Amino acid sequence: RVHGGISMPRTIYRERADFSWLAERYDFFRAHVFDTKKGCSIDFSNEEAVRALTKALLKDDFGLDWEIPEAFLCPPVPQRANYIHWVADVVAACAGQDDVRQCGPIKGVDVGVGANCIFPLLGQAIYGWSFVGTDINKAALEVAQANVDRNALGRYISLRWVEDPLSCLVGVLQEEERFDFCMSNPPFFEREDQTHLNPKTVCTGNPLELVCEGGEQRFLQQMVDDSFVLRERVRVYTTMIGRKVTLQSLLKLLHQRRVPFVTKTEFQQGRITRWGLAWSFMDVSTVAFPKLLAWSKQQPVSAPPVGHKRPRSPDQSEQQQEADTEEGQTNKTPRLDPS
């Protein structure tokens, strides 16, 4: 887990994945492994190989049986696990606890759960959380449901189809429902022709998973708008962000709209950088937050929250960020910000 560029002890992804070990245990992965001067590797431009790696990691590290067909987004497991751990710390801090396991039953919403259903599966496997996963793609929900059923997690994970593609939370959550958090990894690209510009790695996924009008900026602006309608019905709103400019824009927006409590973090896995953003309308002003999870209460957006280091360099291009996603699975040691 990474907070502000600092490696945290609970992550299991601190060392490079042992491809030899995985190949010995899983025949479906062995077929894609080859020797290099630096050890075993796979062809990250091969969609089938990348999917086999994800399947092997989920099985070996979390005991999850997982399958997705071609043309659906194949997630990098270490990066997604980093986000789950950070959400756990945010939820615990909001409740005034040191560990999320002290908070009792936790229920979250995954906005855009996708066919891979990665966040509900990891959240349940690691922390025992319950989830509602939403998506506009019926085909993706069918695959996600198969993954839920394959692991006998129907008691903990329920899925919902969203009819309105412009809706994130309003009209999706039921009036009487209350959630501890929501999370999202929004579509990154604005145009479909941006998704396959890097030849070094494969960009898995279909347009509904990768592309939306206005990209992640517009998607997350809608999520902010919905949060103003729902307010305390979700204790804390969180999202993963792929572009630093989007993070800066949303911090400014939340400040302008006087959201009382906001925090952010940086995830580094392999060569890729993502950011996490969280905000809440709850009265958490008396909670003693850990230094690395300090809330910003109406402070100038130009000053980062206490304990969060500034990113080392400008954000990567859209194409490079997406291309690095798959390669990030091979390096389980987050790079620390030396600044």
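Before reading further, recall that the structure is shown in the block above.
Residues numbered from 1 in each chain as written. Predicted model: local features only at pLDDT ≥ 70, side-chain atom pairs only at ≥ 80, totals over all residues. Heavy atoms only, no water.

Engineer: What should I look at first to understand the sheet that holds strand β7 (residues 157-161) in this one?
Structural biologist: As a general point, the strands of a sheet are linked pairwise by backbone hydrogen bonds and lie either parallel or antiparallel. The strand order across the open sheet built from seven strands is β7-β6-β5-β8-β9-β11-β10, with neighbouring strands paired in mixed fashion. Strand pairing shows two members of the sheet lacking a second neighbour, β7 and β10 (261-269), which therefore form its edges. Strand-to-strand, the axes of this sheet are offset by a mean angle of 20°, without reference to chain direction. Bridge count between strand β5 (residues 107-111) and strand β8 (residues 179-184): four bridges; the pairing is parallel. The partner of D110 across the bridge, within β8, is M183. Against the sheet, helix α6 (residues 138-150) engages β6 (130-135) and β7, with an angle of about 170° to β7. Together, β5, β8, β9 (234-241) and β11 (272-280) form the strand contacts of helix α8 (residues 215-230), whose direction differs from that of β9 by roughly 175°. (Pairing = 2+ DSSP bridges. Helix = DSSP H or I, 4+ residues; strand = E, 2+ residues; numbered from the N terminus. Axes fitted to C-alpha atoms, helices over the stretch in contact; angles between N-to-C directions. Contact = heavy atoms within 4.5 Å.)

Engineer: Mind showing me how you'd approach the pairing of β7 here?
Structural biologist: Each regular strand carries side chains that alternate between the two faces of the sheet. Note that β6 and β7 share five bridges and pair parallel. Counterpart to D135 in the pairing with β7 is W161. Following the chain from β6 across α6 to the adjacent parallel β7, one finds a crossover that is right-handed. (Right-handed = clockwise from strand over helix to strand, strands pointing away.)

Engineer: I'm lost on the nonpolar core in this one. Help?
Structural biologist: In summary, soluble globular proteins display a tendency toward joint burial of nonpolar side chains. F19, F29, L122, W129 and F181 are the most contacted members of the largest nonpolar core, which has 61 residues in total. Secondary-structure elements contributing two or more residues to this core are α1 (19-25), α3 (47-62), α4 (77-94), α5 (118-127), α6, β7, β8 and β9. It is α4 that contributes the most residues to this core, eleven residues altogether. Apart from the residues within four sequence positions on either side, F29 is in contact with F19, L22, A23, I42, A52, L53 and A56. Within the second largest apolar cluster, 27 residues are counted, among which are V132, L169, L247 and V259. (Core = buried A, V, L, I, M, F, W, Y, C linked by side-chain atoms within 4.5 Å. Buried < 20%, exposed > 50% of the residue type's maximum accessible area, 1.4 Å probe, protein only.)

Engineer: Can you help me understand the pairing of β5 in this one?
Structural biologist: A large share of β5 lies buried, amounting to four of its five residues. As judged from the five bridges shared by β5 and β6, these two strands associate in the parallel manner. Note on β6: the bridge partner recorded for V111 is T134. Crossover β5 to β6 through α5 is right-handed.

Engineer: Can you walk me through the pattern of salt bridges in this structure?
Structural biologist: Between side chains of opposite charge, a pair can form as their charged atoms come close. All chains considered together, the criterion is met by nine salt bridges. With its nearest N and O atoms 2.5 Å apart, the salt bridge here joins K55 to E67. Of this pair, K55 sits in helix α3 while E67 sits in the loop between α3 and α4, and the two are twelve residues apart along the sequence. When the shortest N-O distance is used, the salt bridge between E175 and R233 registers 3.7 Å. You can see E175 sitting in the loop between β7 and β8 and its partner R233 sitting in the loop between α8 and β9, a full 58 residues away along the chain. Look at E175 and you get exposed, because its relative accessible area is 61%. Relative accessible area serves as the criterion here: at 16%, R233 is assigned to the buried category. (Salt bridge = Lys/Arg side-chain N within 4 Å of Asp/Glu carboxyl O.)

Engineer: For this particular structure, what's the right way to read the side chain of E177?
Structural biologist: Positionally, E177 belongs in the loop between β7 and β8. Within the local environment of E177, its side chain forms a polar contact with the side chain of R160, the two groups lying 2.4 Å apart. Aside from chain neighbours lying at most four places away, what touches E177 is K107, R160 and R233. (Polar contact = N/O pair within 3.5 Å; in protein donor to acceptor, adjacent residues only side chain to side chain.)

Engineer: What am I meant to see in the environment of S130 here?
Structural biologist: Residue placement: S130 occurs in strand β6. A relative accessible area of 23% places S130 in the partly exposed class. For the pair S130 and L153, spaced 23 residues apart in sequence, the C-alpha separation works out to 9.3 Å. What S130 contacts, discounting residues up to four positions off in sequence, is I106, K107, G108 and Y156.

Engineer: What's the story with α6 in this structure? I'm lost.
Structural biologist: Residue pairs spaced three or four apart in an α-helix point in one direction, given the helix's 3.6 residues per turn. The terminal C-alpha atoms of α6 lie 18 Å apart, and with 13 residues this matches the ideal 18 Å at 1.5 Å per residue to within 8%. Inspection of α6 places A140, L141, V143, A144, N147 and V148 among the buried residues, and these make up the whole buried set. For α6, the angular spread of buried residues about the axis comes to 160°, placing them on one side. Where α6 is buried, its residues meet α5, β6 and β7. (Expected span 1.5 Å × (residues − 1). Arc of directions from axis to C-beta.)

Engineer: Help me out: how do you make sense of the packing of α8 against helix α9 (residues 244-256) in this one?
Structural biologist: Helix-helix packing is characterised by the crossing angle of the two axes and by the distance between the axes. Viewed as axis vectors pointing N to C, α8 and α9 meet at an angle of 25°, and their least axial separation amounts to 10 Å. With respect to α9, the axis of α8 lies roughly parallel. In terms of crossing hand, the pair formed by α8 and α9 is right-handed. Each of E216, Q217, L220, Q221 and V224 in α8 lies in contact with α9, whose residues at this interface are T246, S249, L250, L253 and L254. (Parallel < 35°, antiparallel > 145°, perpendicular 65-115°, else oblique. Left-handed = near helix turned anticlockwise from the far one by under 90°.)

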